[in-house]
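Chain and residue survey
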Amino acid sequence: MIPRRSGMVFATILLCACGGSGGASRVIAESPDEPNATETDPGPIDDLVERDAQVAADILADALSGNDPTLAAWAAVYARRLSLRHDEEKAQSAIARGTEDADPLLAALCWRWIAERVDDPLPPWRGNDDTAPEVAVFAWLACARRGTVPDGLRTAMHAGDATADAPLPDEWKALPALLAPFDNGPLAVAVAFSAARRRELAGTQNGTRYPLAADLRGELLSSFGVTAPAGGFPRKKDAWPNSVLLRLLDSPMRFHPPELLRRICVRGNGALQREAVRMLGAVGAAPGAVDLAAAAAAMASEDPFTRVEAARTYLLMVARATEKD
């Protein structure tokens, strides 16, 4: 765990990402359980965490206000993932553009937030049969919450057949942890749903087999407050596209020990460093000071994408350490 002086507790983290580096002042930490904490001289570790949290906030704020639409979209979904205060108008614009990004992970996350927040503008659906299934799932949910689903999304939530008598594979149990840096739950369910229907996995209840994907679909509908269409969903076999996000399970980086991940975060570069930073933020052991130091080092990268990933990871780990106190 992160060592702290006994009198200093990071009870909440409120990061205001409005206005970029030169915007309004940011409250990095508050201690409502100890009203007089601001009058206490914080220890050196507390100073360091607060300073680097400020750096992380500036990185995300600058990316959200910058000219790179992909970086802005990542900053927007991360601000929402972490419940950071930010420029909502810029976030809505960035997320709307991000729905058409070539990265299926980013596109799925953008549609996921549009599905959750009905005040967000609804972009047109321009997907096709090759679109990643998770992108289509969240686009369907976003449209359904607003009362209209375009023809191109009609089959996005079909469960398909049930031919394989098997539960979810054991390796899929790693999905929530792997996707936790990006999302707090629905994305992992969408990935499992898409993969389960393609593999036609079956569940059994009261001696009756049914598509396991139907259970996962029901969880998604419940999470977003969407009711199934009248008459339910047709059950038919389609040529479902591969769940490209399932490839995260095949990443060798997730089997690396924490010491190696930290070393890559500090000394690596390019895609390797970015993947290590992402993996360092996956749910696991409570983050310690060495993990924060590794993420902080990556925030100094010359690559703006790596800086955004490191900033998200740093803030996520600080929040996670606080929750475990």
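In this convention, every chain numbers its residues from 1, walking through the sequence in written order. Where local features are concerned, this predicted model is filtered to residues with pLDDT of at least 70; where side-chain atom pairs are given and counted, the filter is 80 or more; whole-chain, interface and lining totals use all residues. Just so you know, side-chain values use all the structure's heavy atoms and leave hydrogens and water out.

The subject of this paragraph is the confidence of the model for the chain. By definition, pLDDT measures how confident the predictor is in each residue, and it falls between 0 and 100. Across the chain, pLDDT averages 82, with 82% of residues at or above 70. Note on residues 1-42: pLDDT is under 50 here. Beyond four places in sequence and across chains, it has 89 contacts. In what follows, a contact means two residues having at least one pair of non-hydrogen atoms within 4.5 Å.

A positive phi angle, close to 55 degrees, is found at serine 83, a residue other than glycine. The backbone phi angle of glutamate 200 is positive, close to 55 degrees, even though this residue is not glycine. Here a helix means four or more residues in a row that DSSP labels H or I, a strand means two or more in a row labelled E, and each is numbered from the N terminus. With respect to the element layout, glutamate 200 can be found in the loop between helix 7 (186-198) and strand 1 (202-205).

Burial here depends on accessible area, computed with a 1.4 Å probe over protein chains only, as a share of the maximum for the residue type. Under 20% is buried, over 50% is exposed, and the range in between is partly exposed. Buried residues of helix 10 (residues 270-280): Gln273, Ala276, Val277, Met279 and Leu280, and no others. For helix 10, the angular spread of buried residues about the axis comes to 165 degrees, placing them on one side. The directions considered for the arc are those from the helix axis to the C-beta atoms.

Take the packing of aromatic side chains next. Only the six-membered ring of Trp is used, alongside the rings of Phe and Tyr, when aromatic pairs are assigned; centres must lie within 6.5 Å, and planes under 30 degrees apart are stacked while those over 60 apart are edge-to-face, with the rest tilted. The full count for this structure, using the stated rule, is six aromatic pairs. Judged by centre distance (5.7 Å) and plane angle (50 degrees), the rings of tryptophan 140 and phenylalanine 233 are tilted. Taken together, the residues tryptophan 140 in helix 5 (residues 133-145) and phenylalanine 233 in the loop between helix 8 (212-223) and helix 9 (258-267) connect sequence positions 93 residues apart. With a relative accessible area of 16%, phenylalanine 233 lands in the buried category. Here, a charge over a ring means that NZ of Lys or CZ of Arg falls within 6 Å of the ring centre while also lying within 35 degrees of the ring normal. One cation-aromatic arrangement involves arginine 112 over tryptophan 113; the distance from NZ or CZ to the ring centre is 4.0 Å. Lying across the ring of tyrosine 78, arginine 312 places its NZ or CZ 4.5 Å from the centre.

Looking now at the environment of arginine 146. Here arginine 146 is to be found in the loop between helix 5 and helix 6 (175-179). Arginine 146 gets classed as partly exposed once you look at its relative accessible area, which sits at 24%. C-alpha separation for the pair arginine 146 and leucine 122, spaced 24 residues apart in sequence, amounts to 8.6 Å. Setting aside chain neighbours within four positions, we find arginine 146 in contact with Ile114, Ala115, Arg117, Val118, Asp119, Asp120 and Leu122. Between N or O atoms, a polar contact is any pair within 3.5 Å; within protein, one atom must be a potential hydrogen donor and the other a potential acceptor, and residues adjacent in sequence are included only when both atoms are from side chains. Polar contacts involving the side chain of arginine 146 include one to the main-chain carbonyl oxygen of valine 118, which spans 3.4 Å.

To obtain each axis, a line is fitted to C-alpha atoms, and for helices this fit is confined to the stretch in contact; angles are then taken between N-to-C directions over 0 to 180 degrees. Between helix 2 (residues 69-81) and helix 3 (residues 88-98), whose axes approach to 8 Å, the crossing angle comes to 120 degrees. Taken together, the axes of helix 2 and helix 3 are oblique relative to one another. Crossing handedness for the pair helix 2 and helix 3: left-handed. Of the residues in helix 3, those touching helix 2 at Pro69, Ala72, Ala73, Ala76, Val77 and Arg80 are Glu88, Ala91, Gln92, Ala94, Ile95, Arg97 and Gly98. Throughout this description, any angle smaller than 35 degrees is read as roughly parallel, any larger than 145 degrees as roughly antiparallel, any in the 65 to 115 degree range as roughly perpendicular, and the remainder as oblique. Left-handed describes a crossing whose near helix is turned anticlockwise from the far helix through less than a right angle; right-handed describes the clockwise counterpart.

This part is about the environment of threonine 163. Looking at the secondary structure, you find threonine 163 in the loop between helix 5 and helix 6. Note: C-alpha distance between threonine 163 and arginine 199 (36 residues apart in sequence) is 8.4 Å. Ignoring sequence-local partners within four residues, the contact set of threonine 163 consists of Glu200 and Arg209.

With that settled, consider the pairing of strand 2 (residues 208-211). Here strand 1 runs beside strand 2; their pairing, made up of four bridges, is antiparallel. Within strand 2, the residue paired with glycine 203 across the bridge is tyrosine 210. Taking the residues that link successive antiparallel strands as the turn, the strand 1-strand 2 hairpin has two residues, and the phi of asparagine 206 there is positive, at about 55 degrees. Strand pairing follows a simple DSSP-based rule, namely that at least 2 bridges must link the two strands.

Next up on the list: the nonpolar core. The term nonpolar core refers to a set of buried residues drawn from Ala, Val, Leu, Ile, Met, Phe, Trp, Tyr and Cys, joined through side-chain atoms within 4.5 Å. Counting 98 residues, the largest nonpolar core has Trp140, Leu141, Leu187 and Tyr314 as its most contacted members. The dominant element in this core, judged by the number of residues it contributes, is helix 4 (residues 104-116), at 10 residues. Excluding residues within four positions of it along the chain, tryptophan 140 makes contact with Val149, Leu153, Ala156, Met157, Leu221, Val226 and Phe233.

A word on the side chain of aspartate 291. By secondary structure assignment, the location of aspartate 291 is in helix 11 (residues 289-298). For aspartate 291, the side chain forms a polar contact with the side chain of arginine 262, separated by 2.8 Å. When sequence neighbours within four positions are dropped, the list of residues in contact with aspartate 291 reads Arg262, Leu280, Ala286 and Met317.

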